[in-house]
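Here is how the chains run, residue by residue.
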2 protein chains.
Amino acid sequence: MFTVCCEAHMTKVSRNANMDKLQAGYLFPEIARRRSAHMLKYPEAQVISLGIGDTTEPIPEVITSGMAKKAHALSTLEGYSGYGAEQGEKQLRAAIASTYYGDLSIEESDIFVSDGAKSDISRLQVMFGSNVTMAVQEPSYPAYVDSSVILGQTGQFQKDVEKYGNIEYMKCNPENGFFPDLSTVSRTDIIFFCSPNNPTGNAATREQLTRLVQFAKDNGSILVYDSAYAMYISDDSPRSIFEIPGAKEVAIEVSSFSKYAGSTGLALGWTAVPKELLYSDGFPVAKDFNRIVCTTFNVASNISQAGGLACLSPEGLEAMHKVVGVYKENANIIMEAFTSLGFSVYGGKNAPYVWVHFPGQSSWDVFSEILEKTHVVTTPGSGFGPAGDGFIRVSAFGHRGTVLEACKRFKQLYK
Amino acid sequence: MFTVCCEAHMTKVSRNANMDKLQAGYLFPEIARRRSAHMLKYPEAQVISLGIGDTTEPIPEVITSGMAKKAHALSTLEGYSGYGAEQGEKQLRAAIASTYYGDLSIEESDIFVSDGAKSDISRLQVMFGSNVTMAVQEPSYPAYVDSSVILGQTGQFQKDVEKYGNIEYMKCNPENGFFPDLSTVSRTDIIFFCSPNNPTGNAATREQLTRLVQFAKDNGSILVYDSAYAMYISDDSPRSIFEIPGAKEVAIEVSSFSKYAGSTGLALGWTAVPKELLYSDGFPVAKDFNRIVCTTFNVASNISQAGGLACLSPEGLEAMHKVVGVYKENANIIMEAFTSLGFSVYGGKNAPYVWVHFPGQSSWDVFSEILEKTHVVTTPGSGFGPAGDGFIRVSAFGHRGTVLEACKRFKQLYK
């Protein structure tokens, strides 16, 4: 894997054994690598990326104006500010609390503004430490499992089953309606749950989440609920875990502006940690998270925070809904394309991801065939865990013309 | 410390024992708390903050214009971009490499752009894991020790000596010219070293750093070198550890834009990890750091990155030097004030911090007396470790008028 010249100085520091447990590359850089290789092979091809969930539509002007205004203000004596509070600016915390948790008694002080959900997931893992056990949906966004491996919560990767030891995988597939059979799930300290789900695109119902909260409560578990795609929900599925009675005593919610307003590049998210959530000795989890944030993080960029505040103005919210609407229509177009070709298609309705079934095939084979024959980059389902094998995740993030072109190529390939 | 109602649901998750080892509050939030209490007590007082190292001068317009332009571009089809590379934008990485490491053969690909030095220190600790041993200057910026405690690298806090077990503290005081006597320092895996130092304001000389690099090499240690204040150096002390021959085989450098251009709020820094730095098995440290960055971090805000790029243009560099010059003059004014009052004063010449000696007194007592009698917030030296007791750190970040006023009050108090 690597070669070292005979003359090189080596330190006497042992490599962290947990890093060595990690398998291959992190999924998305690996896809980027294959995409680059493909472009080298076909320099003339019009490559379309429906792979990584990266937004493509310009940020609404009401939001960028807010940020430009803040940038200019920073060069004036009156408008200048340095470090803000580690937890985020008061006004933004209040706006998040009232916009997303208005009736749910999640308060301004429960909100920790951050540079994004992925960073917060890792900070939560650092806070929990290496002695907790964790459960995760399978398939799932790789950051939950990989951060758990890095922190030393897991055993080795078991090649035969393609799973890490000491993680409870909760299988989510068409057979169980993408909601795990909790009667077969062992108790763990932490349960990661993402809804609307990345990659399957499925949103859990109120009844399912009520069962999940009860399951966490019965087991004394902490539920880390990732709602980064909540704004894509079209039906009456809950937008927040805190819509479920009793959730404040068992759950943390991680969320983000990234997928709402084209703001993946702004690096702005938040985590809500209710004061009611307690460790077994009665110590409030929020107190430890506050300490983690103060010690291992500075602040989210103040210009991005100004953007977040603009997002939550009435005009900003309207603009965000419009952008989200564009992606949701894209999802519809992709769903219709694959459905018309006879594939079983999931997700798409409450999420910007369409989960297409290729029964009996390897995801990476399908990924490669699609890339080779249509020049479209997708994401292989097995990248999210072995239960994702046989699936491809197609992202609805793309300009309309590109999405239509990709669907045309899919239709040529699979007609 | 906390009370829990008899009716409350408690999870069965044990609190991370490492979190419980941490002492009191993180230093700066504690100071903020005391400052707020003081302002409640004296609502009419003109409180001056020379405590936390937070910049006060407006960001030069060449930099904010760059950011505003980027913000506006993000609302256009042509100018829009989503997630950038986790490692930072190519152009910014290249500009950092050529501006700060031009002759030192640190390359674009060795640079990881981040949301700041504090976050990178924590990410490095997560990468190293819980089985390494570490050494740290004493006194030192609290994030090195606290992140080490959180990761489980240390023993318990020993109240009698006010130190954690299993950390090698390298005492830096006037007697040793603020450079540790390496002959008394035990071997550790990791050595944190900050120069120009926070809080003492001392910059290590070329000869001292040559010894330090040799010490790390002989011991097979990894040196994590924090150069966040390098631009404040006035004499010929090295600005980068990589000026020392052989450093690339032993060192990582963490740095930041925060203290250069009033950009503490932009959350933008970088870490340089040379390819030549290897674990004991020959595995490149940079490969693991890249994995950590991809898995636990998204990107630094793209608008902040545009600001960073503007910083490194010829006009941006000139503007940054001007701002840094203002703070350096402030440091001079503060040094002169305390010197004229007969205090022994250190730092200030190569750093925005002045380290004032109050022999035989407790730092917190001095802090409280200064706050009570002059309404000026400083930082108690003991907040950086017991060797800092008897010292006060006075920050040079402040408007000129405020700094002059603070010095006037110091002169009234200590005349």
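Thresholds, definitions, all that
- Residues numbered from 1 in each chain as written.
- Chains lettered and ligands numbered in written order.
- Predicted model: local features only at pLDDT ≥ 70, side-chain atom pairs only at ≥ 80, totals over all residues.
- Heavy atoms only, no water.
- Pairing = 2+ DSSP bridges.
- Helix = DSSP H or I, 4+ residues; strand = E, 2+ residues; numbered from the N terminus.
- Axes fitted to C-alpha atoms, helices over the stretch in contact; angles between N-to-C directions.
- Contact = heavy atoms within 4.5 Å.
- Buried area = accessible area lost by both parts, 1.4 Å probe.
- Salt bridge = Lys/Arg side-chain N within 4 Å of Asp/Glu carboxyl O.
- Polar contact = N/O pair within 3.5 Å; in protein donor to acceptor, adjacent residues only side chain to side chain.
- Least-squares fit on C-alpha atoms with pLDDT ≥ 70 in both.
- Core = buried A, V, L, I, M, F, W, Y, C linked by side-chain atoms within 4.5 Å.
- Buried < 20%, exposed > 50% of the residue type's maximum accessible area, 1.4 Å probe, protein only.
- UniProt positions renumbered as here; feature names shortened; annotations may be inferred.
- Expected span 1.5 Å × (residues − 1).
- Arc of directions from axis to C-beta.
- Phe/Tyr/Trp six-rings, centres within 6.5 Å; stacked < 30°, edge-to-face > 60°.
- Lys NZ or Arg CZ within 6 Å of the ring centre and 35° of its normal.

1. Examining the sheet that holds strand β6 (residues 167-171) of chain B
Residues and elements named next belong to chain B. Within the open sheet, the 7 strands sit side by side as β2-β10-β9-β8-β7-β3-β6. Their pairing is mixed. The sheet is open, and its two edges are formed by β2 (111-114) and β6, each paired on a single side. Direction aside, the axes of adjacent strands within the sheet are offset by 20° on average. Along the sheet, helix α4 (residues 90-101) contacts β2, β9 (251-256) and β10 (269-272); its crossing angle with β2, the most-contacted strand, is approximately 115°.

2. Thoughts on the interface of chain A and chain B
Size of an interface, as often reported, equals the accessible area lost when the parts are brought together. Contacts between chain A and chain B engage 102 residues on the former and 102 residues on the latter. Buried area between chain A and chain B, summed over both chains or domains, comes out near 8100 Å², and the portion from carbon and sulfur atoms is 60%. If you sort the residues of chain A by the area they bury against chain B, His 9, Tyr 83 and Arg 291 of chain A come out on top, with a joint share of 10%. For the pair chain A and chain B, the interface holds 6 salt bridges. Here Asp 146 of chain A ties to Arg 291 of chain B by a salt bridge, and the two come within 3.1 Å at their closest N and O atoms. Our count for the chain A to chain B interface comes out at 31 residue pairs in polar contact (both at pLDDT 80 or more).

3. Digging into the relation of the copies chain A and chain B
For the pair chain A and chain B, the relating rotation is 180°, the translation along its axis is 0.0 Å, and the fit reaches an RMSD of 0.0 Å. With respect to symmetry, the two chain copies, as superposed, fit the operation of a two-fold axis. The position closest to the rotation axis in chain A is occupied by the C-alpha of Ala 68 of chain A, lying 2.1 Å away.

4. As for the nonpolar core
Phe 128 of chain A together with Phe 128 of chain B are the most contacted members of the largest nonpolar core, which has 150 residues in total. Setting aside anything within four residues of it in sequence, one finds Phe 128 of chain A in contact with Gln 153, Ile 190, Ile 222, Val 224, Ile 252 and Tyr 279 of chain A together with Asn 16 of chain B. Grouped together as the second largest cluster of nonpolar side chains are 120 residues, Tyr 225 of chain A together with Leu 104, Ile 241 and Val 323 of chain B included.

5. Quick look at unusual backbone geometry
Here Ser 195 of chain B and Pro 196 of chain B are connected by a cis peptide whose omega angle stands at -10°. Despite not being glycine, Asn 166 of chain A shows a phi value in the positive range, around 70°. Positive phi, close to 60°, is recorded for His 375 of chain A, a residue that is not glycine. Turning to its location among the elements, His 375 of chain A is positioned in the loop between α11 (363-374) and β13 (376-377). His 375 of chain A gets classed as buried once you look at its relative accessible area, which sits at 19%.

6. Regarding the UniProt feature "domain: Aminotransferase class I/classII large" (unreviewed entry) in chain A
Per the UniProt record, "domain: Aminotransferase class I/classII large" (unreviewed entry) is annotated on residues 46-410 of chain A. Across residues 46-410 of chain A, helical content stands at 36% and strand content at 16%; the span's end C-alpha atoms are separated by 14 Å.

7. Considerations on the pairing of β2 of chain B
Residues and elements named next belong to chain B. Residues Ile 111 and Val 113 of β2 are buried on one face, and the alternating residues Phe 112 and Ser 114, pointing to the opposite face, are buried as well. Taken together, the 4 bridges between β2 and β10 define a ladder with antiparallel strand orientation. Residue pairing in the sheet places Ser 114 in a bridge with Gly 269 of β10.

8. As for helix α2 (residues 27-41) of chain B
Residue and element names in this part refer to chain B. Compared with an ideal rise of 1.5 Å per residue, which puts 15 residues at 21 Å, α2 spans 21 Å between its outermost C-alpha atoms and is within 8% of the ideal. Where α2 is concerned, the buried positions are Leu 27, Phe 28, Glu 30, Ile 31 and His 38. Projected down its long axis, α2 carries its buried residues within an arc of 155°, all on one side. Facing away from the buried side of α2, by more than 90 degrees, are the exposed residues Arg 33 and Leu 40. Residues of α2 that are buried make contact with α6 (142-151), α11 (363-374), β13 (376-377), β14 (379-380) and β15 (391-395).

9. What to know about the packing of aromatic side chains
For the structure on display, the rule yields 52 aromatic pairs over all chains. With 5.1 Å between their ring centres and 25° between their planes, Tyr 144 of chain B and Phe 192 of chain B make a pair best called stacked. Pair noted here: Tyr 144 of chain B is in helix α6 and Phe 192 of chain B is in strand β7 (residues 190-194), with a separation of 48 residues, a long-range link. According to the relative accessible area criterion, Tyr 144 of chain B is buried, its value standing at 1%. Chaining the aromatic ring pairs together yields one cluster made of Phe 28, Phe 178, Tyr 346, Trp 355, Phe 384 and Phe 391 of chain A. Here the basic side chain of Arg 15 of chain A rests over the ring of Phe 283 of chain B, its NZ or CZ set 3.6 Å away from the ring centre. Over the ring of Phe 297 of chain B we find Arg 123 of chain B, and its NZ or CZ is 4.3 Å from the ring centre.

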